[in-house]
Structure formats: structure tokens, C-alpha cells
Amino acid sequence: QAQLAESGGGMVQAGGSLRLSCAASGRTFSTYTMGWFRQAPGKERESVAGIKWSGGITYYADSVKGRFTISRDNAKNTVALQMNSLKPEDTAIYYCAAARRPYLYSSDFVKSVDNYAYWGQGTQVTVSS
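A few points on the structure.

What counts and how
Counting starts from 1 at the beginning of each chain's written sequence and moves along it residue by residue. Local features in a predicted model are, by the rule used here, given only for residues with pLDDT of at least 70; side-chain atom pairs are given and counted only at 80 or more, and totals for whole chains, interfaces and linings are based on all residues. Only hydrogens and water are set aside when side-chain values are computed; all heavy atoms of the structure are taken into account. Here the aromatic set is Phe, Tyr and Trp, taking the six-membered ring for Trp, and pairing holds for ring centres within 6.5 Å; pairs whose planes are under 30 degrees apart are stacked, those over 60 apart are edge-to-face, and all others are tilted. A run of H or I in DSSP counts as a helix once it spans at least four residues, and a run of E counts as a strand once it spans at least two, with each numbered from the N terminus. For the exposure calls, accessible area comes from a 1.4 Å probe over protein chains only, and a residue counts as buried if that area is under 20% of its type's maximum, exposed if over 50%, partly exposed in between. The rule for a salt bridge is simple: a side-chain nitrogen of Lys or Arg has to be within 4 Å of a carboxyl oxygen of Asp or Glu. By convention a nonpolar core is built from buried Ala, Val, Leu, Ile, Met, Phe, Trp, Tyr and Cys residues, the set being connected through side-chain atoms within 4.5 Å. Throughout, a residue-residue contact means that at least one pair of heavy atoms, one from each residue, lies within 4.5 Å.

So, on to the packing of aromatic side chains. Applying the stated criterion across every chain yields a total of nine aromatic pairs. Between tyrosine 95 and tryptophan 119, the ring centres sit 6.4 Å apart and the planes meet at 80°, which makes this aromatic pair edge-to-face. Here the residue tyrosine 95 occupies a position in strand S9 (residues 92-99), and tryptophan 119 occupies one in strand S10 (residues 116-119), the gap between them amounting to 24 residues. Owing to a relative accessible area of 11%, tyrosine 95 belongs among the buried residues under this scheme.

This part covers the pattern of salt bridges. Any two side chains of opposite charge can pair, given that their charged atoms come close. Summed over all chains, the structure comprises five salt bridges. For aspartate 62, the salt bridge is made with lysine 65, and the minimal N-O distance between the two is 3.1 Å. For aspartate 90, the salt bridge is made with arginine 67, and the minimal N-O distance between the two is 2.8 Å. A residue pair is termed long-range when its members are at least 10 positions apart, and aspartate 90 in the loop between strand S8 (78-83) and S9 and arginine 67 in the loop between strand S6 (58-60) and strand S7 (68-73) qualify at 23 residues. The same class applies to aspartate 90 as to arginine 67, namely buried. Within this structure, Arg38, Glu46, Arg67 and Asp90 form a network of salt bridges that share partners.

Here the focus is the nonpolar core. Grouped together as the largest cluster of nonpolar side chains are 35 residues, with contacts concentrated most on Leu4, Trp36, Leu81, Met83 and Tyr94. Take this core: its biggest share by element is five residues, from S9. Excluding anything up to four places from it in sequence, methionine 83 contacts Gly16, Ser17, Leu18, Leu20, Arg67, Phe68, Tyr94 and Val125.

And the structure:
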């Protein structure tokens, strides 16, 4: 059974950095688009970043562009999210996700929650002002 497990969350002051990691097991996701999403209290889950299976194409939400970097290591079946210059509004539970089928990617596809079938449990990120 495929599983995704996030790690690296925590509490940091505004302006600080965190690196989230997502380890996949039970299935190789080297041909799947992977994404990071977040959900703040009382808000819908939203896309933060996504990466095509080859790693050559990435997507970022406008709110994190220039501050966050998504990367993947297909040999290790992992995905990472480097978060710099964190702001209080970045506070949320962050989820790693894998697309519902392999070899699917477009600029619209990557940011839709409905296109992902595999989800981790989430990791809390709290940014204090």
C-alpha cells in the first residue's frame, strides 16, 4: 500500500527557514507529479508547489514564489520543500501528495487538490511574528 510521510515541520520565527521532506513507500512515484499543499484553520486546502515527474518543471503559488523551492529525488522516492523567508501567513498543516495517475502534468493539473490520490498525514508549520 502506497504511503507518504512528511517530516520537518515545526515552529519558527518570521524570516526563518524550514525544510519539509516527504518519503514515499509501497510504490515508486518517479513517474508521478508530486505536490505540496497546505491548510490553515478555517480555510480550504490550497496548492503551494508542484513538480513534474521528471523534475524539470515546477509550479508555485504566487504567495510563495521566490521563497519556496520544491525538489525531488526519484532514486530515493522523496520530495522536499525548502521554505525561506517564512511569514506568519504561511502557518498551516503542510501535506505532500502524489497525482492519481502517472505521466499527468499541466499548469492547471498540478494545482488542483482533486488530481491527487495519495496524501500524507501532514506536518504542522507555525510561523510566529
